[in-house]
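Take a look at the letters that make up each chain.
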Amino acid sequence: MNHPKVPPVHRGAVVISGDLDEDSADDVRRRLTAGLRASPDDDVVVDLSRVAFVDCAGLGVLLAVHDRLRVRDPAPLVRHLLAATGTGGLLRGEAVPEDPLWSDPLVTSTVGAVEHLRARWPGSAWWVVRGSGDASDVVAAAGSLPPRLVPPWPGPPAPTVVEVALVVAGEPSALLVGTGGGVGEDDGARASAHLIGGLLQAALGQRAALLAAEGAAAVARRLAEVDALTGLRNRRGWRAALDDERRRRGRTGAATGVVVVDLDGLKAVNDRQGHAAGDALLVAAAGILLRSCRPHDVVARSGGDEYAVLALDVGAAGLERLCERIRGGLADAGVAASVAGACEEPDTGLTGAWERADRRMYDVKRAHRSGVGARPGDPTADPGAGTAARLAYIHEAVRAGLTPSQVRDALAQQQDGREDDEPGERRRPGGEPAPDPSPRR
């Protein structure tokens, strides 16, 4: 068996190779004791990647000092024994990989099956191997196994060996092997092995179908929480994020805030430029929000033209900085929006923070519409007209090769030009006065 190369271990590490069984237990115990004495204040790393065989006696040596050990790279047989005995959680380090196909009841049934075969034919040994190559391990075994067993059984079956392949979804999933006690030449043993193998295969097939159905249901649940247009969480996903944060908040006590963003003039864009332009605006705004927020913040499209951000581990000052980044990112792209935030308070929780942020956002929106606190490019009396015009201008400017900074300067100049215009004066897009259309006298 070719074991993968492993990186060097730090001082106090114990590398175990070969067998970890009753015969080697005393030697391993002495080495572990020496490692613990050499590192009285640190855990001892135990490298198990080179273990070829392990039994309960060898595993017991590790468990006796489990509170001081950190296991690294356990070989497949070690992983299986940890899982089969339920002791994997006691040994810190690399987690024991679980195979969802082999549920605990199915493993228990498999153990019972090989023990039945062993009792029926004394002197024989039976085992079930799952996986292949380095990724394989023994699910269940009964009888005296070869001390250097490397699953699956190497080469074609010998006359004294019984092999039954367990096929799931058209692919070999496991192998039932029997040897010794004359089982290879016993028709009854072969028939029993094939019967039990068929039952295990049927159980594996049912388990695989159940896992497939559960996986499909999980995907459906995730899709139910995603907005199809923007790829953000939808309102259902947003509420699920609030519930998750409430549970996390109860454990950690971390500060949390909510930001509400509402696009100004989306209806006007849809009416004047079509719903494709409105969809493009929604997608663009979603991208700006994602870029403005931190990786661990939660961004959702909570309504038609409204977004919500769950800002994790943030105080009032940090929440305001986040709001400013969002405002700046939207403004740089020429997207008019109303933005406001609120921090969670003990008496009202996240729901109260969301409601306060929503009320503050509408205060900002009313101020924009009345012209109070409006920024260059923000809509006032007719927000949709400003948004639609800016989108059209930005589209043409990008096609003409203008840089983002040039587009922003041009938009600002247009706004300044509109403010300087006399009532009734008409101007071309470049800012020059248009000729008076009235007839000359």
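Residues numbered from 1 in each chain as written. Predicted model: local features only at pLDDT ≥ 70, side-chain atom pairs only at ≥ 80, totals over all residues. Heavy atoms only, no water.

Visitor: Even after reading the chapter, I still don't get the overall build of the protein, so can you show me in this structure?
Guide: A count of helices and strands for the protein gives 12 helices and 12 strands. Put simply, the protein has 441 residues, and 41% of those count as buried. Sequence-distant contacts, at least 24 apart, represent 62% of the contacts inside the protein between residues at least 6 apart. Accessible area of the protein: about 23,400 Å², with a carbon and sulfur share of 54%. (Helix = DSSP H or I, 4+ residues; strand = E, 2+ residues; numbered from the N terminus. Buried < 20%, exposed > 50% of the residue type's maximum accessible area, 1.4 Å probe, protein only. Contact = heavy atoms within 4.5 Å. Areas by Shrake-Rupley, 256 points an atom, 1.4 Å probe, with all protein chains shown as cover.)

Visitor: Could you clarify how one ought to interpret the confidence of the model for the protein in this entry?
Guide: For residues with low pLDDT, the predicted coordinates do not support detailed interpretation. Looking at the protein, the pLDDT average stands at 75 and 68% of residues meet or exceed 70. Contacts of residues 1–12 to residues separated by more than four positions or lying in other chains number 26 contacts, the stretch itself having pLDDT below 50. Contacts from residues 374–385, a stretch scored under 50 in pLDDT, to residues over four places away or in other chains number 26 contacts. (pLDDT = per-residue confidence, 0-100.)

Visitor: Before we go on, may I ask you to explain helix 9 (residues 316–332) in this structure?
Guide: Think of an α-helix as 3.6 residues a turn; residues three or four steps apart then line up on the same face. Taking 1.5 Å per residue as the helical rise, helix 9 with its 17 residues ought to reach 24 Å, and the 24 Å between its terminal C-alpha atoms agrees with that figure. Along helix 9, the residues that are buried comprise Gly318, Leu319, Leu322, Cys323, Ile326, Arg327 and Leu330. Residues of helix 9 that are buried sit in contact with strand 9 (256–263), helix 8 (275–292), strand 11 (306–312) and strand 12 (337–343). (Expected span 1.5 Å × (residues − 1).)

Visitor: Would you take a moment to explain the packing of aromatic side chains for this structure?
Guide: Aromatic rings in a pair are described by how distant their centres are and how their planes are angled relative to each other. Per the counting criterion, the structure on display carries 1 aromatic pair. Aromatic side chains Trp238 and Trp354 sit 5.7 Å apart centroid to centroid with 70° between the ring planes, which places their arrangement in the edge-to-face category. With a gap of 116 residues between them, Trp238 in helix 6 (residues 235–252) and Trp354 in helix 10 (residues 349–370) connect regions that are remote in the sequence. With respect to class, Trp238 is no different from Trp354; both count as buried. The ring of Trp121 has Arg120 lying over it, and the distance from NZ or CZ to the ring centre is 4.6 Å. (Phe/Tyr/Trp six-rings, centres within 6.5 Å; stacked < 30°, edge-to-face > 60°. Lys NZ or Arg CZ within 6 Å of the ring centre and 35° of its normal.)

Visitor: Help me understand the sheet that holds strand 12 in this model?
Guide: Sheets are built from strands paired through backbone hydrogen bonds, the pairs being either parallel or antiparallel. Taken in spatial order, the 4 strands line up as 10-11-9-12 in an open sheet, and their pairing is antiparallel. A single partner strand is all that each edge strand has here, and the edge strands are strand 10 (298–301) and strand 12. For this sheet, the mean angle separating the axes of adjacent strands, direction not counted, is 15°. In this sheet, strand 11 lies alongside strand 9 in antiparallel orientation, the contact comprising 7 bridges. (Pairing = 2+ DSSP bridges. Axes fitted to C-alpha atoms, helices over the stretch in contact; angles between N-to-C directions.)

Visitor: Where do I start with the side chain of Glu306 in this structure?
Guide: Mapped onto the elements, Glu306 comes out in strand 11. Apart from residues lying up to four places away in sequence, Glu306 is in contact with Val260, Val261, Asp262, Ala300, Arg301, Asp358, Met361 and Tyr362.

Visitor: Just to check I follow, could you spell out the environment of Gly318 for this structure?
Guide: One can find Gly318 in helix 9. In this structure Gly318 comes out as buried when scored by relative accessible area, which is 15%. Taking the C-alpha atoms as reference, Gly318 lies 9.2 Å from Gly257; in sequence the two are 61 residues apart.

Visitor: Quick question: what am I supposed to make of the packing of helix 4 (residues 104–120) against helix 5 (residues 187–223) here?
Guide: A pair of packed helices is characterised by two quantities: the angle between their axes and the separation of those axes. For the pair helix 4 and helix 5, the least separation of the axes is 11 Å and the interaxial angle reads 180°. In terms of orientation, helix 4 lies roughly antiparallel with respect to helix 5. Listed contacts from helix 5 to Leu106, Thr110, Ala113, His116 and Leu117 of helix 4 are Ser192, Ala193, Ile196, Leu200, Ala203 and Leu204. Counted by class, the contact of helix 4 with helix 5 contains 8 nonpolar, 3 polar and no charged residues. (Parallel < 35°, antiparallel > 145°, perpendicular 65-115°, else oblique. Nonpolar A, V, L, I, M, F, W, Y, C, P; charged D, E, K, R; others polar.)

Visitor: Hey, could you run me through unusual backbone geometry in this one?
Guide: With the exception of glycine, the majority of residues adopt a negative phi angle, and the majority of peptide bonds are in the trans configuration. For Ala169, which is not glycine, the phi torsion reads 55° and is therefore positive. By the element assignment, Ala169 lies in the loop between strand 7 (161–168) and strand 8 (171–179). Notably, Asp313 is not glycine yet its phi reads approximately 55°, a positive angle. Tracing the backbone through its elements, the reader meets Asp313 in the loop between strand 11 and helix 9. By relative accessible area, which is 43% here, Asp313 ends up partly exposed.

Visitor: Looking at this structure, how should I read the pairing of strand 11?
Guide: The side chains of a regular strand alternate, residue by residue, between the two faces of the sheet. Of all 7 residues making up strand 11, 7 are buried, and the element is well covered by its neighbours. Side-chain alternation along strand 11 places Glu306, Ala308, Leu310 and Leu312 on one buried face and Tyr307, Val309 and Ala311 on a second face that is also buried. The sheet contact formed by strand 10 and strand 11 spans 4 bridges and is antiparallel. Its bridge partner being in strand 11, Val298 is matched across the sheet by Leu310. Once strand 10 ends, the chain turns through 4 residues before running back antiparallel as strand 11.

Visitor: Any chance you could explain the packing of helix 8 against helix 9 here in plain terms?
Guide: For the pair helix 8 and helix 9, interaxial distance at closest approach is 9 Å and the crossing angle is 140°. Classified by the angle their axes make, helix 8 and helix 9 are oblique. For helix 8 against helix 9, the interelement crossing comes out right-handed. Between helix 8, through Ala285, Ile288, Leu289 and Ser292, and helix 9, the contact on the second element is made entirely by Leu322, Arg325, Ile326, Gly329 and Leu330. (Left-handed = near helix turned anticlockwise from the far one by under 90°.)

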